[in-house]
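As a plain string of letters, each chain reads:
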Amino acid sequence: MKNSNNIICILTTLLVIISCTSVSKKEPSETMNPILSQLQSIKGKGILFGHQDDLAYGINWKYIDGESDVKRVAGDYPALFGWELGGIELGHEVNLDSVPFDEMRRLAVKAHEMGGINTFSWHPYSVIKGVSSWNTETVVVKHILPGGSHHQQFIAHLDKVADFFLNLKNVDGENIPFIFRPWHEMDGTWFWWGSNVCTSEEFKKLFRFSVEYLRKEKGIENMLVAYSPDRNFNSEKEYLTWYPGDEIVDIIGLDNYHDFKLKDGYKEVIRKLHIVIDVAKEKNKISALTETGLENVTDPTWFSSQLGKVLSDSIISNELSYAMVWRNDPKVHFFFPYPGHPAEKDAKKFLDRSDILLLNEFNQLKN
Ligand code: BMA
């Protein structure tokens, strides 16, 4: 009797331990974020096409409901919509590209209601000297980490980001799911979180702290997180130099404009994406070309002869979830053609391919 009581006691303890471990191991996104299951369901059927600021402005128009340069050229909206949060941390009403945050929120909710996926980048001003993301003269990262001289100010910045995310709600008042892609291109040397201004350990701490603070302290549960180095790696090990951890990251990404500019550069993009995809497969995560494009689309066949070739690669077409081109700002630069532009026909031909998904196709294919 005593023995069987002991056995029952041991078994119960074991069960409790096992169930506690499996609960604590679950990532928030695994259980709650529909974007992951949608992306998994379309894997191998097509690659989503995305465009930054697509619904906000384009060439010769801004803030006209229903407009989109992708729709003007290809007849449908992109399936993925990129937005930029830089400036929100200072309490600004418009982002660093003059997009009003209220309008961004409204358009992101609209994109979600149409069936699209929203992804947010963030080029924050630094809490030290208020310098822009592109200022690498001041050491910032180590001072904003826990224990650092400017940690509290940094938390105030994250609070502003959290407020924005917590107010991304549908008509029923429910928070909508989205992707957050902070601290991107860390392997480059142009941002204050770049590889020349902080160590990889400091960087990982920054990334982990930011995501854990938003998820755990602010209760943001519907957020997937993308890790997006630029092109400066040649192996999985190098790619993972700044990787903050499997429990932090959901999307294994790559930003790559530069390699496309090299001779036969698309081959280099393919090579890097194969590394990205290998990492994603090992970690059972989603892979994406999180930013790309040719500034001002100066090659009228770039979409089919460059990006198109990359996305036709057999491994990439089976594995990659999305590819996003950057914004169309008539005053600064644009990455997607507009009606009358020499690349218009070619971009349409590329987007007409059955393996490149715009919004309607995505809506039909996803679970
Ligand atoms: C860059 C450029 C800038 C812009 C920034 C954040 O690539 O487009 O003009 O301010 O992204 O959107």
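If you're wondering where the values come from, they're calculated on a predicted model, not measured in any experiment.

## Re the overall build of the protein
- Across its full length, the protein carries 14 helices and 11 strands.
- For the protein, the C-alpha atoms occupy an extent of roughly 85 × 45 × 45 Å along the three principal directions.
- Here the protein, with 367 residues, has 55% of them falling under the buried criterion.
- Residue pairs at least 24 apart in sequence account for 74% of intrachain contacts in the protein once pairs closer than 6 positions are excluded.

## A look at the pattern of salt bridges
- Across all of its chains, the model carries 22 salt bridges by this definition.
- The salt bridge partner of glutamate 67 is arginine 72, with a shortest N-O separation of 3.0 Å.
- Residue classification places arginine 72 among the partly exposed positions, given a relative accessible area of 34%.
- A salt bridge links lysine 204 to glutamate 201, with the shortest nitrogen-to-oxygen separation between them at 3.3 Å. One end of the pair, lysine 204, and the other, glutamate 201, are both in helix H8 (residues 200-217), 3 residues apart, so they sit about a helical turn from each other.
- Judged by relative accessible area, which is 45%, glutamate 201 ranks as partly exposed.
- Through salt bridges with shared partners, a single ionic network connects Asp259, Glu268, Arg271 and Lys272.

## Some thoughts on the site of the ligand
- Taken together, Glu84, Leu96, Asp97, His123, Trp134, Trp326, Arg327, Val332 and His333 form the complete shell of residues around the ligand.
- In the environment of the ligand, an oxygen atom lies 2.9 Å from a nitrogen or oxygen atom belonging to the side chain of tryptophan 326.
- Within the contact set of the ligand, an oxygen atom lies 2.6 Å away from a side-chain nitrogen or oxygen of histidine 333.
- Surface burial for the ligand is 79%, taken as the share of its 310 Å² of free accessible area covered by protein chains.
- A molecule is said to occupy a pocket when more than half its atoms come within 2 Å of that pocket's grid points, and by this definition the ligand occupies the largest pocket.
- When the residues that make up the shell around the ligand are grouped by side-chain class, the tally is 4 nonpolar, 2 polar and 3 charged.

## With respect to empty space enclosed by the protein
- Considering all chains together, one arrives at 1 cavity of 30 Å³ or more under this definition.
- Volume-wise, the largest cavity comes out at about 30 Å³.
- Taken together, Lys43, Ile277, Ala280, Lys281, Lys285, Ser287 and Glu319 make up the lining of the largest cavity.
- In terms of residue count, helix H10 (residues 265-282) provides more of the lining of the largest cavity than any other element does, 3 residues in total.
- Among the residues forming the lining of the largest cavity, the class breakdown is 2 nonpolar, 1 polar and 4 charged.

## Looking at the environment of valine 127
- Relative to the helices and strands, valine 127 is located in the loop between strand S5 (117-121) and helix H6 (141-144).
- Sequence separation between valine 127 and isoleucine 144 is 17 residues, and the spatial gap between their C-alpha atoms is 7.9 Å.
- Non-local contacts of valine 127, meaning those with residues more than four positions away in its chain, are made with Ile144, His150, Gln153, Phe154 and His157.

Analysis parameters
- Residues numbered from 1 in each chain as written.
- Predicted model: local features only at pLDDT ≥ 70, side-chain atom pairs only at ≥ 80, totals over all residues.
- Heavy atoms only, no water.
- Helix = DSSP H or I, 4+ residues; strand = E, 2+ residues; numbered from the N terminus.
- Buried < 20%, exposed > 50% of the residue type's maximum accessible area, 1.4 Å probe, protein only.
- Contact = heavy atoms within 4.5 Å.
- Salt bridge = Lys/Arg side-chain N within 4 Å of Asp/Glu carboxyl O.
- Near = heavy atom within 4 Å.
- Polar contact = N/O pair within 3.5 Å; in protein donor to acceptor, adjacent residues only side chain to side chain.
- Areas by Shrake-Rupley, 256 points an atom, 1.4 Å probe, with all protein chains shown as cover.
- 1 Å grid on protein atoms, 1.4 Å probe; cavity = no way out; pocket = protein on both sides within 12 Å on 5 of 7 lines; lining within 4 Å.
- Sits in = over half its atoms within 2 Å of the grid points.
- Nonpolar A, V, L, I, M, F, W, Y, C, P; charged D, E, K, R; others polar.
- Points joined across faces, edges and corners; volume = space filled by probe spheres on them.

The analysis is restricted to geometry; functional conclusions fall outside its scope.
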